[in-house]
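Results of the structural survey
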Amino acid sequence: MSSSARLDGRVAILTGGAKGIGRHYARRLAAEGSRLMIADVADGRELAEEIARRHGANSVASAVTDVSDEGAVQALVAKTMERFGKIDILVNNAALFAPLQEQKVTEIDVGLWDKVMSINIRGVFLMTKHVAPHMIAQKYGKIVNISSGTVARGIPNFAHYVTSKGAVTAFTRAVSRELGEYNICVNNLAPGFTLSDSVINDNPQHLAHSQAPSLVRRALKRDEYPQDLLGALVFLASADSDFVTGQTIAVDGGATNN
Ligand SMILES: NC(=O)c1ccc[n+]([C@@H]2O[C@H](COP(=O)([O-])OP(=O)(O)OC[C@H]3O[C@@H](n4cnc5c(N)ncnc54)[C@H](O)[C@@H]3O)[C@@H](O)[C@H]2O)c1
């Protein structure tokens, strides 16, 4: 850990940290000095072991957690408090995203619609509901909700996903007004179409349909990678953004202008 680490002494919970973009968030949060709980339905043990080798055994833990399940979220928060003693940063990154296939609104199964909502927005609500009391008690906290550039653009054939991320955006704005008095910042980070491992490996159709049009929309004419998101993540998680709340930062090469 360098002496200029911007999250030195902080404790973070990162949901959806075991795969895709989340793995990159996990490595960077740890590299900036934060102790870290990786929570994901996928097993994050291997990544946690990698981070522990680099930053020490007390720097990281992982817990298999379904963010849509209130009991599981409560257990995760209790485990984090027990292990690290506080929670300063919550990154709500878990979502049902990479496996989703393009579907017209007239064809989306209601069970799938509900599943997307339960993970992508109920999960963000439940994590906030159970983490915020610990931030309120210490009168400091950073909540970073991962939204999406699709909210501003309203892309077709992903109505469930786009709606869920629109709800995340609205939730962020509303909750920033409630938690501001406790010195808690709540912001959205909105990635553009990002070539995460999950997107590349799990969804060739989405990749084929979205990669080229994404380039056309951007001011900066290149593909987006998880690494492109890390600077904004650290900004929103660190003291550098202590007077920024209720905002959406789009990191998408200039595809949207919020
Ligand atoms: N890749 C992109 O183009 C892109 C663009 C905009 C926004 N995003 C958002 O960024 C985030 C990461 O995307 P990604 O590309 O890494 O895709 P991804 O689908 O791999 O990421 C989702 C992560 O959440 C986990 N997860 C799924 N259901 C869960 C549950 N019920 N409880 C806990 N964890 C659960 C998955 O295991 C995975 O680690 C998501 O919120 C996604 O919506 C991605």
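Presented here is a report on the structure given in the accompanying data block. Please read these numbers as outputs of a predicted model, since none were measured by experiment.

With that out of the way, let us pick up the packing of helix 1 (residues 20-31) against helix 2 (residues 45-55). Across the interface, helix 1 lies against helix 2 with an axial gap of 11 Å and an inter-helix angle of 20 degrees. Between helix 1 and helix 2, the interaxial angle falls into the category roughly parallel. You can see that helix 1 and helix 2 cross each other, and the crossing is right-handed. In this structure, helix 1 uses Arg-23, Ala-26, Arg-27, Ala-30 and Ala-31 to contact helix 2, whose residues at the interface are Leu-47, Glu-50, Ile-51 and His-55. Grouping the amino acids of the contact of helix 1 with helix 2 by side-chain chemistry returns five nonpolar, one polar and three charged.

We now examine the packing of helix 3 (residues 70-84) against helix 4 (residues 110-138). Two elements in contact, helix 3 and helix 4, have axes whose closest approach is 9 Å; the angle formed by their N-to-C orientations is 30 degrees. Between helix 3 and helix 4, the crossing angle belongs to the class labelled roughly parallel. In this structure, helix 3 crosses over helix 4, and the sense of that crossing is right-handed. For the pair helix 3 and helix 4, the contacting residues are Glu-70, Val-73, Gln-74, Leu-76, Val-77 and Met-81 in the first and Leu-126, Met-127, Lys-129, His-130, Val-131 and His-134 in the second.

Two side chains that carry opposite charge are able to pair once their charged atoms sit near each other. What the rule picks out here adds up to nine salt bridges. Here Glu-70 and Lys-129 are joined by a salt bridge, their closest N and O atoms 2.9 Å apart. Here Lys-129 lies in helix 4 and Glu-70 lies in helix 3, a separation of 59 residues in the sequence. Assessed through its relative accessible area of 43%, Lys-129 is described here as partly exposed. Between Asp-228 and Arg-222 there is a salt bridge, with the nearest N and O atoms lying 2.8 Å from each other.

Two faces, one strand: in a regular strand the side chains alternate between the faces of the sheet. Burial runs high along strand 1 (residues 11-15): five of the five residues are buried. What you see with strand 1 is no split at all: Val-11, Ile-13 and Thr-15 on one side and Ala-12 and Leu-14 on the other are buried throughout. Of the strand pairs in this sheet, strand 1 and strand 2 (residues 35-40) are connected by five bridges, and their pairing is parallel. Among the inter-strand pairings, Thr-15 is bridged to a residue of strand 2, identified as Ala-39.

Parameters and conventions
- Residues numbered from 1 in each chain as written.
- Predicted model: local features only at pLDDT ≥ 70, side-chain atom pairs only at ≥ 80, totals over all residues.
- Heavy atoms only, no water.
- Axes fitted to C-alpha atoms, helices over the stretch in contact; angles between N-to-C directions.
- Helix = DSSP H or I, 4+ residues; strand = E, 2+ residues; numbered from the N terminus.
- Parallel < 35°, antiparallel > 145°, perpendicular 65-115°, else oblique.
- Left-handed = near helix turned anticlockwise from the far one by under 90°.
- Contact = heavy atoms within 4.5 Å.
- Nonpolar A, V, L, I, M, F, W, Y, C, P; charged D, E, K, R; others polar.
- Salt bridge = Lys/Arg side-chain N within 4 Å of Asp/Glu carboxyl O.
- Buried < 20%, exposed > 50% of the residue type's maximum accessible area, 1.4 Å probe, protein only.
- Pairing = 2+ DSSP bridges.

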